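# Structural description and commentary
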Amino acid sequence: MTKQDKLGILITGGGRRIGAAIAKALAADGWFVYIHCHKSSDEAALVLNDIRKNYGDGMVIVEDLSLVGAAEKVIKQAVQGPVPLVAMVNNASLFEYDSIKTVTEESLDEHFSINVRSPILLSKVFSCSLSNDREGCIINILDNKIHAINPDYLSYTISKIALQGATSALAMALAPKVRVNGIAPGITLESGNQGEENFKKGQEMSPIGQVSTVSDIIRAILFILESDAINGHIITIDGGQHLQKLERDVAFIN
């Protein structure tokens, strides 16, 4: 497949962890991947190198999404790239702990700038960049906490709830040109100081004894990309964990 045959997809936060896995999987599926990163530019370069070793292709875009004007800069670089940009996965996310006792103006602003403001403005600029003969698709990565709210990671949780609302609003505002959907996974990778034992317990904490894997998320992304009639929908991948209405984040449940 030549570059002329490919279509481009932007993955924000694509330099590491789940974003890197998404980038590699979509490249293997035939997409030209625009890999956005901020502090992980070296890791993003390695991701792109791996993709090219497997006969895929892409381009790295480095930008701090917390800055005003970042959305325009990211989309401009992608639009000027070698392959038409027709899809986007808003995966970049700030996930830092705070509670009602420790939340501050700064922690709220930091989470909202990356987790809410950035996806909304990226969606706006992306939709305006599409040519008349192209339709687009946007996928927002949410969190199963939106269905079972607890007070841990307060700024993060509230920002993801805001992005859930934005997903529905944008699905209406950008239609029929652009479809907008979301994916809400449960605990997928070990993070912070959680520790392997605690992570494994969290992964088993659902009615079916498993929550979500990176592969689950990738399959959901591919399903949305290939399903032209899906719009304004959120796919929750957590083994039914959200039905348990846990009072705390799984990282703090023994």
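Residues numbered from 1 in each chain as written. Predicted model: local features only at pLDDT ≥ 70, side-chain atom pairs only at ≥ 80, totals over all residues. Heavy atoms only, no water.

So, about the pattern of salt bridges. A full pass over the atoms with the stated rule returns six salt bridges. With a closest N to O distance of 3.6 Å, Arg 16 and Glu 43 form a salt bridge. Linking Arg 16 in the loop between β1 (8-11) and α1 (17-28) with Glu 43 in helix α2 (residues 41-53), this pair joins segments that are 27 residues apart in sequence. When its relative accessible area of 44% is taken as the criterion, Arg 16 is described as partly exposed. What makes Glu 43 partly exposed here is its relative accessible area of 37%. The shortest N-O distance in the salt bridge between Lys 24 and Asp 50 comes to 3.3 Å. Linking Lys 24 in helix α1 with Asp 50 in helix α2, this pair joins segments that are 26 residues apart in sequence. Owing to a relative accessible area of 37%, Lys 24 belongs among the partly exposed residues under this scheme. (Salt bridge = Lys/Arg side-chain N within 4 Å of Asp/Glu carboxyl O. Helix = DSSP H or I, 4+ residues; strand = E, 2+ residues; numbered from the N terminus. Buried < 20%, exposed > 50% of the residue type's maximum accessible area, 1.4 Å probe, protein only.)

To continue, consider the sheet that holds strand β7 (residues 234-237). Read across the open sheet, the seven strands follow the order β3-β2-β1-β4-β5-β6-β7; overall the sheet is parallel. Each end of this open sheet is capped by a strand with a single partner; those strands are β3 (57-62) and β7. Strand-to-strand twist across the sheet, computed as the mean angle between neighbouring axes with direction ignored, equals 20°. Contacts from helix α7 (residues 214-226) reach β1, β4 (85-90), β5 (136-141), β6 (178-185) and β7 within the one sheet, and its direction differs from that of β6 by about 165°. (Pairing = 2+ DSSP bridges. Axes fitted to C-alpha atoms, helices over the stretch in contact; angles between N-to-C directions. Contact = heavy atoms within 4.5 Å.)

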